[in-house]
Amino acid sequence: MGRELYAVEPVFRACLDHLDRRVGQNSDLSVIARMYDPGKKKSDPFSDTVLSSLAIFMLECALTETLRHYGPSPDMVLGVSLGAFTASAVARAVEREAMLDAILELFTLLEKTCAPGVMLALVGPGAKAGLPELRELAETAFEGDDGLRLVSMPAENADRVETVLVRSGIAFQKLPVALAYHSRWLEPAKMPVLHALERLAFSHPDKPVEICLAEQSSIDAPGLWNCMRSPMRWGETVRRLEMTGPHLYVDLGPSGTLATLLRHSLGPDNQSVIVSL
């Protein structure tokens, strides 16, 4: 997650260091120490709810700061799930440090309030099949144009869900998360999360922001809550954007996942350009 860039790129490093100090002012955590622990392998899971959320936000902010330093500023910001929090900060709808403070508080609340959860990526033939046995056990969090489907569930349902998938011949992979994001199992945290988000000072964004919900939502407390609770409407958002013509998409996430999803969604003949840093 940016280890090599952190070692050689001063703008990226300065932004990460600044945000890490901010985290340390409000907790006993150092995200950088955890991310760049010399004893940590790239293959080691990084599923701690609070640390991983802070790390993703910080990395995306640092990559954006680096891009702005050396190149153009984006005309529009697109964020999905936690990326919507970064998009809101990049578009200056919320002050970046205030959003970082909120993420620390919000994901601590989620961890304390919600039952442990599991998310599975279903891939290949049959991934989109409607399986009645799963309706009470899991919810669809994301459905891609290429057959990819993400499902969320409480950890206690995972064995039964996996049994159904194996029996149905559907391939799946467990995601490195510890909560059932984008599902009804986050509902116990709704009111405390909304109260925390309502303390943020929201401003009109300085550029358009898309946050991948069923309907374009305002950047406010309910909108950001829905970015965690509601299904991710990635395909619908991309199709809406593509109606305005080709775009240059730059994926500033730590793993390049959205660039991959875009390539699958748009197809080989599309005129838009996709770049992953």
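Above this note sits the structure.
Everything in this summary refers to the structure shown in the same document. (Residues numbered from 1 in each chain as written. Predicted model: local features only at pLDDT ≥ 70, side-chain atom pairs only at ≥ 80, totals over all residues. Heavy atoms only, no water.)

This paragraph deals with the overall build of the protein. Looking only at helices and strands, the protein has 11 helices and 8 strands in total. Taken over the C-alpha trace, the protein has a radius of gyration of 19 Å; the compact-globule value for 277 residues is 19 Å, and the two agree within 12%. The principal-axis extents of the C-alpha atoms in the protein amount to approximately 50 × 45 × 40 Å. The buried share of the protein, taken over its 277 residues, is 47%. Intrachain contacts of the protein at a sequence separation of at least 6 include 73% that bridge at least 24 residues. Of the side-chain charges in the protein, 27 are positive and 35 negative, and the distance between the mean point of each set is 2 Å. (Helix = DSSP H or I, 4+ residues; strand = E, 2+ residues; numbered from the N terminus. Rg over C-alpha atoms; globule rule 2.2 N^0.38 Å. Buried < 20%, exposed > 50% of the residue type's maximum accessible area, 1.4 Å probe, protein only. Contact = heavy atoms within 4.5 Å. Lys, Arg positive; Asp, Glu negative; His and termini not counted. Charge placed at Lys NZ, Arg CZ, Asp CG, Glu CD.)

A word on the side chain of Thr64. Mapped onto the elements of the fold, Thr64 is located in helix 4 (residues 49–70). With relative accessibility at 6%, the residue Thr64 sits in the buried group.

Compared with an ideal rise of 1.5 Å per residue, which puts 17 residues at 24 Å, helix 2 (residues 10–26) spans 25 Å between its outermost C-alpha atoms and is within 8% of the ideal. Among the residues making up helix 2, those that are buried are Val11, Phe12, Cys15, Leu16, Leu19, Asp20 and Val23. Looking down the long axis of helix 2, one finds its buried residues gathered within 160° of arc, a one-sided arrangement. In helix 2, those exposed residues whose orientation departs by more than 90 degrees from the buried face are Arg21 and Gln25. (Expected span 1.5 Å × (residues − 1). Arc of directions from axis to C-beta.)

Take unusual backbone geometry next. In this structure, Arg92 is a non-glycine residue whose phi angle is positive, near 60°. Along the chain, the position of Arg92 falls in the loop between helix 5 (83–90) and helix 6 (96–113). Of note, Cys212 is a non-glycine position whose phi angle comes to about 60°, a positive value. Inspection of the secondary structure assignment puts Cys212 in the loop between strand 6 (209–210) and helix 9 (221–229). Classification of Cys212 by relative accessible area gives buried; the value is 1%.

Under the definition given, this model contains 2 aromatic pairs. Between Tyr6 and Tyr36, the aromatic rings sit 5.0 Å apart at their centres with planes inclined by 35°, giving tilted as the arrangement. You can see Tyr6 sitting in helix 1 (residues 3–8) and its partner Tyr36 sitting in the loop between helix 3 (31–35) and helix 4, a full 30 residues away along the chain. Of the residues examined, Tyr36 reaches a relative accessible area of 11% and is grouped as buried. (Phe/Tyr/Trp six-rings, centres within 6.5 Å; stacked < 30°, edge-to-face > 60°.)

Moving on: the pattern of salt bridges. The final tally for this structure, using the stated rule, is 11 salt bridges. For Glu65, the salt bridge identified is with Arg96, shortest N-O distance 3.5 Å. With a gap of 31 residues between them, Glu65 in helix 4 and Arg96 in helix 6 connect regions that are remote in the sequence. Here Arg96 falls in the partly exposed class, since its relative accessible area comes to 22%. (Salt bridge = Lys/Arg side-chain N within 4 Å of Asp/Glu carboxyl O.)

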